Amino acid sequence: MSNKLPACVAPWVNTYEWSDGTITPCCEWDAKSDYAIKSPTHMSFEERFRHPNMETIKSDLLTKSIKDIKGCNNCYRNESVGTQSMRTDLSRMIKREKVEIDLDNFQLLSMDYRESNVCNFSCKMCGPSLSSTHVMIDKKYNPHGYNGIRKGIIKNPHKLQMYLDQLDNVKMLNLLGGEPTLMDSTYVILNEIRKRGLQDQITMSIVTNASTLHREKDNLIPLLDGFKYATVSISMDVVKEHHNYWRQKGTWDTVWSNVQELYEFVQTAPDNYKMQTRTALGWPTSYAARGVWDLFKENDMKVKHVWNMVTRPYYLCISQLPQSELDKLVEHWKDYPDVQHAFANTTSNRDIYELSNQKIRVQRHDKWHGNSFVEAFPEFKTFYNNIVIM
């Protein structure tokens, strides 16, 4: 294998497991792609690194640009509109830690273990693989899917101990979900790191919906203390009543209270700690998402706003909007030029079939929750009502 630096280092330093056991190089790679490794039983790091599908991915990354690799579409699209990607996160980690990539061997430098899809939210851009609540909704209204799964939880078959055995090598820890504050593995990992005194060599990031900070005897905040660097990220696409529709009904007040508690923790922590919001922009939230930026500004809370365009599922992409609406959104975001840039550089490319499928899904969720899309986002009432179910 060549010593040329690959277009992305993910397969050499990171591995990702979907809740059904499917293995991909990272969380951005499409689990439905040809080269995803289907593994309903435990598979070691070495086995997956040497798997023929992963060998093909590694070869592509050594010989092609990410724009020419189908599995890299999400990173490419986000980078093309000027926002961050998993690829750039890994590149920064490699540079920051001054580590060399061994192209012939796997090193667990970036750890992202998610034991299941357990989550108490049903965010509209998410799905069953990352949310047990989504499974419950689909189970109720789709008799052909997820029958017999207790509480909608799909458990990852790959063993956590394999990751714990490699903690000494880990430089970057990402705690995500599902919802990490509800997962046993989150507390096992954090307690093991503290037990072994490894926190000062690890850059840690947790991405949470902020629905809970305390789980039975577990208190999250003290476990976040003492890391080399730490980022507390709040998944927040919209706020207040928009949030109660888009992410989970009746949860905004609790989320906002927990966000303020986390903010106070970060403000009193060393300078190597920061807090940020993570916003996924899809066409339904393209106006309302500005409320996230405005809310923190109004409360004089200094946080970084990280955002990305929804690229999967495709029916939520902002490119589904007519060009006239995209032009209006350029004006709407004029106070936030980095986001405005994304709307200014998007061309309308409407897919009627995709939008039709989305409307069916929206109606199913609205029936479950007892709410209404057009009441939540009246600015898109005409657009939504004109979507024909095929």
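Residues numbered from 1 in each chain as written. Predicted model: local features only at pLDDT ≥ 70, side-chain atom pairs only at ≥ 80, totals over all residues. Heavy atoms only, no water.

**Looking at the overall build of the protein**
Alright, step 1. The secondary structure content of the protein amounts to 17 helices and 10 strands.
Alright, step 2. Relative to the 2.2 N^0.38 estimate, which gives 21 Å for 390 residues, the radius of gyration of the protein is 21 Å and therefore close to what a compact globule would have.
Alright, step 3. Across its three principal axes, the protein shows a C-alpha extent of roughly 55 × 45 × 45 Å.
Alright, step 4. Considering the protein as a whole, with its 390 residues, one finds that 57% of them fall into the buried category. (Helix = DSSP H or I, 4+ residues; strand = E, 2+ residues; numbered from the N terminus. Rg over C-alpha atoms; globule rule 2.2 N^0.38 Å. Buried < 20%, exposed > 50% of the residue type's maximum accessible area, 1.4 Å probe, protein only.)

**Some words on the pattern of salt bridges**
Side chains that differ in charge, positive against negative, can pair when their charged atoms come close.
Alright, step 1. Under the definition given, this model contains 19 salt bridges.
Alright, step 2. Two residues, Lys-64 and Asp-60, come together in a salt bridge whose shortest N-O distance is 3.5 Å.
Alright, step 3. Using a relative accessible area of 38% as the deciding quantity, one classes Lys-64 as partly exposed.
Alright, step 4. In this structure, the salt-bridge partner of Lys-302 is Asp-300, at a minimum N-O distance of 3.3 Å.
Alright, step 5. Given the relative accessible area of 54%, Asp-300 is considered exposed.
Alright, step 6. Connected through shared salt-bridge partners, Arg-96, Glu-97 and Lys-228 make up one network. (Salt bridge = Lys/Arg side-chain N within 4 Å of Asp/Glu carboxyl O.)

**Here we look at the side chain of Ser-85**
Alright, step 1. As for its placement among the helices and strands, Ser-85 is situated in the loop between helix H4 (73-80) and helix H5 (86-97).
Alright, step 2. The exposure class assigned to Ser-85 is buried, which follows from its relative accessible area of 5%.
Alright, step 3. Excluding residues that lie within four positions of it along the chain, Ser-85 makes contacts with Cys-75 and Glu-79. (Contact = heavy atoms within 4.5 Å.)

**Concerning the sheet that holds strand S9 (residues 273-281)**
Alright, step 1. Taken together, the 6 strands give an open sheet; going across it, the order is S3-S4-S5-S8-S9-S10, and neighbouring strands pair in parallel fashion. Strand pairing shows two members of the sheet lacking a second neighbour, strand S3 (110-111) and strand S10 (304-309), which therefore form its edges.
Alright, step 2. In the packing of H5 onto the sheet, contacts are made with S3, strand S4 (172-175), strand S5 (203-208) and strand S8 (229-235), and the angle to S4 comes to roughly 150 degrees.
Alright, step 3. Taken strand by strand, helix H11 (residues 252-268) contacts S8 and S9, and its axis lies near 145 degrees from that of S9. (Pairing = 2+ DSSP bridges. Axes fitted to C-alpha atoms, helices over the stretch in contact; angles between N-to-C directions.)

**A few points about the layout of surface pockets**
Alright, step 1. Size it by volume and the second largest pocket reaches roughly 290 Å³.
Alright, step 2. Among the elements that line the lining of the second largest pocket, the one with the most residues is H4, at 3 residues.
Alright, step 3. Per-class residue counts for the lining of the second largest pocket are 6 nonpolar, 8 polar and 1 charged. (1 Å grid on protein atoms, 1.4 Å probe; cavity = no way out; pocket = protein on both sides within 12 Å on 5 of 7 lines; lining within 4 Å. Points joined across faces, edges and corners; volume = space filled by probe spheres on them. Nonpolar A, V, L, I, M, F, W, Y, C, P; charged D, E, K, R; others polar.)

**Notes on empty space enclosed by the protein**
To find leftover empty space, a probe the size of one water molecule is rolled over the atoms.
Alright, step 1. Counting across every chain of the model gives 4 cavities of 30 Å³ or more.
Alright, step 2. As a volume, the largest cavity reaches approximately 90 Å³.
Alright, step 3. Along the walls of the largest cavity sit Cys-8, Ala-10, Pro-11, Pro-25, Cys-26, Glu-28, Trp-29, Leu-61, Gly-71, Cys-72, Cys-75 and Arg-87, which together make up its complete lining.
Alright, step 4. For the lining of the largest cavity, the class distribution of residues is 9 nonpolar, 1 polar and 2 charged.
Alright, step 5. Counted as a void, the second largest cavity has a volume near 60 Å³.
Alright, step 6. Lys-124, Tyr-245, Trp-246, Pro-284, Tyr-315, Leu-316, Gln-358, Arg-361, Val-362 and Phe-373 together form the lining of the second largest cavity.
Alright, step 7. Contributing elements (two or more residues each) for the lining of the second largest cavity: helix H10 (240-246) and helix H15 (352-369).
Alright, step 8. When residues of the lining of the second largest cavity are assigned to their parent elements, the largest contribution, 3 residues, is made by H15.
Alright, step 9. In the lining of the second largest cavity, the residues fall into 7 nonpolar, 1 polar and 2 charged.

**A look at the packing of helix H13 (residues 323-332) against helix H14 (residues 337-344)**
Alright, step 1. Following both chains from N to C, one finds H13 and H14 inclined at 170 degrees, their axes separated by 8 Å at the closest point. On the basis of the axis angle, H13 is roughly antiparallel to H14. As for how H13 packs across H14, the hand of that crossing is left-handed. Judged by residue contacts, Leu-326, Leu-329 and Val-330 of H13 engage Gln-340, Phe-343 and Ala-344 from H14. (Parallel < 35°, antiparallel > 145°, perpendicular 65-115°, else oblique. Left-handed = near helix turned anticlockwise from the far one by under 90°.)

**Points about the side chain of Thr-203**
Alright, step 1. For Thr-203, the position within the fold is in strand S5.
Alright, step 2. The class of Thr-203 is buried, set by a relative accessible area of 11%.
Alright, step 3. Setting aside its immediate chain neighbours within four residues, Thr-203 contacts Arg-96, Glu-97, Lys-171, Met-172, Leu-173, Lys-228 and Tyr-229.

**Quick notes on unusual backbone geometry**
Excluding glycine, residues mostly carry a negative phi; peptide bonds, for their part, are mostly trans.
Alright, step 1. The peptide bond linking Gly-177 to Gly-178 adopts the cis configuration, its omega dihedral lying at 10 degrees.
Alright, step 2. Examined against the element boundaries, Gly-178 turns out to sit in the loop between S4 and helix H8 (184-195).
Alright, step 3. Phi angles above zero are rare outside glycine, and Glu-216 is one such case at about 55 degrees.
Alright, step 4. Of note in this structure, Lys-240 is not a glycine but carries a positive phi near 55 degrees.
Alright, step 5. Positionally, Lys-240 belongs in helix H10.

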